[in-house]
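Listed below are the residues making up each chain.
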Amino acid sequence: MPFEYLALLAAVCWAVGSLLSATASSHLGAFAFTRWRLACAASMLWLWAFASGGISTLAMSQVPLLAISALIGILIGDTSLFASMNRLGPRRAGVLFATHAMFSVLLAYLFLGESIWGWTLVGCGLLSSGVMTAIVLGRRAEEQHHWESNQSQLRSGIALGLTSAVCQAASTLMLKPLMETNIDAISASAVRMTVALFAHLLLFWAGFKVARVYLPMTKKIFAMVFVNAGLSMVIGMTLILQALKTGDAGLIGMLSSVSPVLVVPLLWLVYKRRPALGAWLGASLTVAGTVLILWH
C-alpha cells in the first residue's frame, strides 16, 4: 500500500481511538491512562512480533534510537501535551499540537533533505489550514471548555503545546533512516512502547503526584483502554513506521495530522452532535488539500 494511504489510515485509527480516550482518561487520570494504554499496546505488539517472526529483524544496535524516539515522542511529547491542556484547555492545546505537521515538513527539509514544491505544497497548505480551522472554529459557543477563559498560564501553556508538537515531529522523523532498513515495523513499535511504559512506571514508582490513579480500574474502563491501545498505538503507530519505509517523512506527518478533522463526522455519528460551520469549512479545506497531495 502507498505510504500516503498508510498515513491516512493511521489518522483514522487515531480519530476512532480518541472517542474512547476521554472517558477513560478522566476516570484514571491522564498519566495512569497512558500507563495502562502503553502496557496493553506493548503486550499486543510483542505477541504480534513473536507470532509473525518479525522479532528476528530487530538488532540490539537499533534499540537505542528507538528508545530515544520513545522518550522524546511519548514521554516528553505526551507529558507536555497533557500539561498544555491543563493550562489552556483541549481546544487551544489541540491547535498548538496540530502544528506538528508543519514541524514535520520543516525538520524533514532541514535534516533529511526532503522538499515539497508545486501543487503538493499547495495541498499541504490547504490541509494544514483545514485542520487548524476545524479545531479553532469547530466548536459551538455552548461547547467551550471552562479552561478557555484561563489566561494566567498562557505563556507556559503555549510553550508546552509547541514542545509537544516538536517532540511528535522529531520522534517520528529520527526513525526514517532506521525504518528504511529491513527492521520490522511491529517489532520497532514494541520496543518504543516498552521503553515509554518503563519511563511512565518510573514516574509512578517515584511517587509523582500526577502519575497517581484517580479512580480504580473497572471492566468497562479497561475495555476502552484496550481498544484505544489497539487502534491508536498498535495499529496507528505501526502504520506510521511502515509508511516511513518508503515515504517522505514530511508528507507522512502532514497526512497523519488530519485526525482532528476525522473526529468531526465521528462525533456527529456517535453523539448526534451536529458539527459547527467552522468544522465543515475546515473539513472541506482538509479534503481539498489531501486530494491535491494524493494527486501529485
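Residues numbered from 1 in each chain as written. Predicted model: local features only at pLDDT ≥ 70, side-chain atom pairs only at ≥ 80, totals over all residues. Heavy atoms only, no water.

Visitor: What exactly am I supposed to notice about the packing of helix α2 (residues 30-52) against helix α9 (residues 185-205) here?
Guide: Between α2 and α9, the least distance of the axes is 8 Å, while the angle of their chain directions is 150°. Overall, the two elements α2 and α9 adopt an arrangement that is roughly antiparallel. Judged by the sense of rotation from one axis to the other, the crossing of α2 with α9 is left-handed. Among the residues making up the contact of α2 with α9, the classes are represented as 18 nonpolar, five polar and one charged. (Axes fitted to C-alpha atoms, helices over the stretch in contact; angles between N-to-C directions. Helix = DSSP H or I, 4+ residues; strand = E, 2+ residues; numbered from the N terminus. Parallel < 35°, antiparallel > 145°, perpendicular 65-115°, else oblique. Left-handed = near helix turned anticlockwise from the far one by under 90°. Nonpolar A, V, L, I, M, F, W, Y, C, P; charged D, E, K, R; others polar.)

Visitor: Sorry if this is basic, but what is going on with the packing of aromatic side chains here?
Guide: Remark: the centre distance and the inter-plane angle together describe each pair of aromatic rings, the angle taken between the planes. Summed over the entire model, instances satisfying the criterion amount to three aromatic pairs. Where tryptophan 46 meets phenylalanine 50, the ring centres are 6.2 Å apart and the plane angle is 40°; that geometry is what we call tilted. Of this pair, tryptophan 46 and phenylalanine 50 both sit in helix α2, four residues apart, roughly one helical turn. Since its relative accessible area comes to 24%, tryptophan 46 is described here as partly exposed. Seen from their ring centres, phenylalanine 222 and phenylalanine 226 are 6.1 Å apart, and the 35° between their planes marks the pair as tilted. With phenylalanine 222 and phenylalanine 226 both in helix α10 (residues 219-244), this residue pair falls four residues apart, about one helical turn. (Phe/Tyr/Trp six-rings, centres within 6.5 Å; stacked < 30°, edge-to-face > 60°. Buried < 20%, exposed > 50% of the residue type's maximum accessible area, 1.4 Å probe, protein only.)

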